[in-house]
Amino acid sequence: MVIALLSALFSTTLVYTTHHDEPRKGAQQTYIEEIREARQRLFSGQLIYTDAHSMNLVAGAQPRRFHVAIRGAWRPAKPGQEQAPVKAGAQIGVKLHCSGNLRCTPLSSERQNVLSHSDQATWTWALSARDAGKASIALTVTAYLGDGNTVLVEKPPQMLSLDVAAAPSDNNWYSWITDLWRWMSNTITTLGGIAVSLSAIAAAIVMLVRRRLPAADAADHGTPQPPRGSRRRLRVPPVRQTRPRPVRPRTPHAEVRTSPPSQRAAAHREPQE
């Protein structure tokens, strides 16, 4: 009796477990089939990214742009770009991992759609460095299932190395010339200010002397003093005293009297009688 009861209980438990596991297995199988179909829809696309060696990154300088593009169709890359194959045909996420003293600031959305051969998506980051030296960045491309976080395929990280140049230092000849020119400019500006100040002082002294001179000239020559505040002073030349010249008496000239013509004619006629 006990054995029959235990057998019936075991059979009931086994049937209950089997009926409850079948929906789980069906959902998992559906999920697997969905992923398989999504992966089969993927196709080979083109990954284009900025050549890290051509960025000419300088420590402490303005950030430089790093661009990434994924195309459904293959096209020739431009100078200063690198290219590699990548899976497309889904929602693609691109991440840029910076190490060391590099700082990567994303300027675009992390995930974008590249569903067909005519689609293209672009990503941009602003790269800056604090110190000079060797640096590296890692580029990761991931294809997702729909809008979820299920990964269909992920490309191995693309490791890129770059050299960060040092900022111009005091030992650089260009910096030395720049500092010399700055010192000369400051010196010229300072001397110009001093010259202007000396000119103003000299002008004030000249105006003060000119205001005092008219009083002395008026006292010496008896000329009236011009009003104060006048900028131009008219100098009156001293009056020279001259002695009168002696007047010589004029000698009277002999008067020559001429007789009329009738009397002269009669004088000539008298001796003839």
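Residues numbered from 1 in each chain as written. Predicted model: local features only at pLDDT ≥ 70, side-chain atom pairs only at ≥ 80, totals over all residues. Heavy atoms only, no water.

A. The arrangement of the overall build of the protein chain in detail. Within the protein chain one finds three helices and nine strands. When the elements of the protein chain are put in sequence order from the N terminus, they spell out α-β-β-β-β-β-β-β-β-β-α-α. Counting every position in the protein chain, which comprises 273 residues, the buried fraction comes to 22%. Sequence-distant contacts, at least 24 apart, represent 67% of the contacts inside the protein chain between residues at least 6 apart. Of the roughly 21400 Å² that the protein chain leaves accessible, carbon and sulfur atoms contribute 57%. (Helix = DSSP H or I, 4+ residues; strand = E, 2+ residues; numbered from the N terminus. Buried < 20%, exposed > 50% of the residue type's maximum accessible area, 1.4 Å probe, protein only. Contact = heavy atoms within 4.5 Å. Areas by Shrake-Rupley, 256 points an atom, 1.4 Å probe, with all protein chains shown as cover.)

B. Local environment of the sheet that holds strand E7 (residues 120–129). If you trace the five strands from one edge of the open sheet to the other, you get E3-E1-E2-E7-E5, paired in antiparallel fashion. Looking at strand neighbours, the two that pair on one side only are strand E3 (81–88) and strand E5 (102–106), the edges of this open sheet. Between one strand axis and the next, the sheet turns by 25° as a mean value, whatever way the strands run. Pairing between strand E2 (residues 64–71) and E7: eight bridges, direction antiparallel. Looking at the pairing, Val 68 lines up with Trp 123 of E7. (Pairing = 2+ DSSP bridges. Axes fitted to C-alpha atoms, helices over the stretch in contact; angles between N-to-C directions.)

C. Quick peek at the nonpolar core. Of all hydrophobic cores here, the largest spans 37 residues; its most connected members are Phe 66, Val 68, Ile 70, Val 94, Trp 125 and Ile 137. Leaving out residues up to four positions away in the same chain, Val 68 has contacts with Leu 47, Ile 48, Tyr 49, Val 94, Ala 121, Thr 122, Trp 123, Trp 125 and Leu 139. (Core = buried A, V, L, I, M, F, W, Y, C linked by side-chain atoms within 4.5 Å.)

D. Focus on the pattern of salt bridges. Using the criterion set out here, one finds three salt bridges in the structure. A salt bridge links Arg 36 to Glu 33; the shortest N-O distance between them is 2.7 Å. Separated by three residues within a single helix, Arg 36 and Glu 33 lie in helix H1 (residues 2–40), roughly one turn from each other. Judged by relative accessible area, Glu 33 falls into the partly exposed class, the value being 30%. The salt bridge partner of Lys 134 is Asp 163, with a shortest N-O separation of 2.8 Å. Here the residue Lys 134 occupies a position in strand E8 (residues 133–144), and Asp 163 occupies one in strand E9 (residues 151–164), the gap between them amounting to 29 residues. Assessed through its relative accessible area of 43%, Asp 163 is described here as partly exposed. (Salt bridge = Lys/Arg side-chain N within 4 Å of Asp/Glu carboxyl O.)

E. Fine view of the pairing of E8. With respect to burial, E8 is a largely interior element, nine of its 12 residues being buried. With eight bridges connecting them, strand E4 (residues 90–98) and E8 associate as antiparallel partners. When the bridges of E8 are listed, Ile 92 appears paired with Ala 143. Looking at chain direction, E8 and E9 are connected through 11 bridges and run antiparallel. Looking at the pairing, Ala 143 lines up with Val 153 of E9. Following E8, the chain reverses through six residues before pairing antiparallel with E9; Gly 146 in that reversal takes a positive phi of roughly 60°.

F. Layout of the sheet that holds strand E6 (residues 111–114). Taking strand neighbours across the sheet as the criterion, the four strands line up as E6-E4-E8-E9 in an open arrangement whose pairing is antiparallel. The sheet is open, and its two borders are formed by E6 and E9, each paired with just one other strand. Neighbour-to-neighbour, the strand axes of this sheet turn through a mean angle of 25°, independent of strand direction.

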